[in-house]
Amino acid sequence: MDVSPFPFHGPLRPELVRGRDDLLGRLVEQVSSRRPTVLVAPRRFGKTSLLRRLDAELAETVTTIFVDLYQLRSWADLAARLDDGLSKVTTEHRAILEQIAAGFEINLGFVKASLTGRKRDDGDLTADRLLDVVITMAQRTPTLLILDEFSSIVRVDGAAGLLRTKLQQHFDEVGLIFAGSEPSTMRMLFSDTDQPFYAQADLLNLGGLDRHVVQEVVSNGFAGRPPRGLAAKILQVAGGHPQRTMQLADAAWRLRNDIDDDDELWELALGDVRDATADGFELRFAELSSADQAVLRLVASDSPLFGNTAALLGLSASSADRARKSLVGSGQLDTDEDGLSVVDPFFGDWIRTRFSL
């Protein structure tokens, strides 16, 4: 099977992560000096891939416990996620971890099954003991706790408070990374004075791929002989969005043996990606509120959120402001010195084409 050098469907293998060396070095430094860190990035920007690369970089000296909190719902759910992360540790320290867990009357790998019926009410107590397992492990051997999609912690009342209470006295023992793809919620959790983790961690942002990285990735994937101008065209359309960069490169790579003309190859590759994403965007757009839809249409077409065009879409000033905050908070819109933009360039392209203004 001819395997594409441009995988884009899920997290990359550690050795395939490119263009993140500076940030990776910063994360290694943060973990090594036991400085709690917040890593923020929109979805499909390579956050999980980078964290896996970090795990690989530290594997010889650090035991990593990776806890996925995506769509967290309850205390029992939190306990189950912590148990799942601990159960996946496969380093030479696994036996030590199981011994520690047994001391806290925890049978690793079976917490979810044990929290059934009335016992689901014991989820907070079980989560408390599982955090004690993590802390005790860190006191015996260098340990990194990664809490991915940490913004979901707000769904469980009191969970962030428990984590702070258990961890704050051990920041010099446990390496901590809080990662998330809802920028405003993540920043609120660590910058709002009312939040348990206020001013408790350093904030790092994971941005898009720059021109040099895109050029390197495309050139290497095509064994040094990419179609003329392909990297520049990908950068212009994808804007450094990691997943869309790889998806476009993959589409061109799959056409490389059938199309001789470089311009035709590019147009066909671009069309293939548009076709592949259209149905998903249709569903995604339909699930949004009318105000969110209107704001996305305006942003995608570079139109102001207030004025005649917004009025034609039935969008009031207050609704526009609420929708803007919601879309920025969920990572669907980005804001910088140039204004607002749709984070996923192909979603923006689909909106402009489907709903022209």
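Quick note: structure is the one above.
Attention in this report is confined to the structure presented alongside it. (Residues numbered from 1 in each chain as written. Predicted model: local features only at pLDDT ≥ 70, side-chain atom pairs only at ≥ 80, totals over all residues. Heavy atoms only, no water.)

Of regular secondary structure, the chain possesses 16 helices and seven strands. Whereas a compact globule of 357 residues would reach a radius of gyration of roughly 21 Å, the chain reaches 23 Å, a difference of no more than 12%. In terms of its C-alpha atoms, the chain occupies a principal-axis envelope of roughly 65 × 55 × 40 Å. Burial statistics for the chain: of 357 residues in total, 48% are counted as buried. For the chain, the share of sequence-separated contacts (at least 6 apart) that also reach a separation of at least 24 residues comes to 73%. Surface accessibility of the chain: about 17700 Å² in total, with carbon and sulfur atoms responsible for 47%. Where the 40 positive side-chain charges of the chain centre and where its 53 negative ones centre are 3 Å apart. (Helix = DSSP H or I, 4+ residues; strand = E, 2+ residues; numbered from the N terminus. Rg over C-alpha atoms; globule rule 2.2 N^0.38 Å. Buried < 20%, exposed > 50% of the residue type's maximum accessible area, 1.4 Å probe, protein only. Contact = heavy atoms within 4.5 Å. Areas by Shrake-Rupley, 256 points an atom, 1.4 Å probe, with all protein chains shown as cover. Lys, Arg positive; Asp, Glu negative; His and termini not counted. Charge placed at Lys NZ, Arg CZ, Asp CG, Glu CD.)

Time to look at helix α4 (residues 94-103). Working note: α-helix, 3.6 residues per turn, so residues spaced by three or four point in the same direction. Along α4, the residues classified as buried are L97, I100 and A101. Mapping the buried residues of α4 onto a view down its axis gives an arc of 100°, with all of them on the same face. α4 presents A95, Q99 and G103 as exposed residues on the side facing more than 90 degrees away from its buried surface. Structurally, α4 contributes buried residues whose contacts are with α3 (75-87) and α6 (123-140). Where α4 terminates, the next one or two residues include E105, which has phi positive at roughly 60°. (Arc of directions from axis to C-beta.)

Okay, the environment of Q195 next. Positionally, Q195 belongs in the loop between α8 (183-191) and β5 (202-205). Along the backbone, Q195 and L108 are 87 residues apart, and their C-alpha atoms lie at a distance of 31 Å. The contacts of Q195, once residues within four sequence positions are left out, are M188 and L189.

This part covers the sheet that holds β5. Taken together, the five strands give an open sheet; going across it, the order is β2-β3-β4-β1-β5, and neighbouring strands pair in parallel fashion. Two strands close off the open sheet at either side, each with one partner strand: β2 (63-68) and β5. Averaged over all neighbouring strand pairs, the angle between strand axes comes to 20°, with direction disregarded. Pairing between strand β3 (residues 143-148) and strand β4 (residues 174-180): five bridges, direction parallel. Among the inter-strand pairings, L147 is bridged to a residue of β4, identified as F178. (Pairing = 2+ DSSP bridges. Axes fitted to C-alpha atoms, helices over the stretch in contact; angles between N-to-C directions.)

Attention shifts here to the packing of aromatic side chains. Summed over the entire model, instances satisfying the criterion amount to 13 aromatic pairs. Taken together, a centroid distance of 5.6 Å and an interplanar angle of 40° make the contact between F6 and F222 tilted. With a gap of 216 residues between them, F6 in the segment before α1 (21-32) and F222 in the loop between α9 (211-221) and α10 (230-238) connect regions that are remote in the sequence. In this structure F6 comes out as buried when scored by relative accessible area, which is 1%. Given a relative accessible area of 7%, F222 falls into the buried group. (Phe/Tyr/Trp six-rings, centres within 6.5 Å; stacked < 30°, edge-to-face > 60°.)

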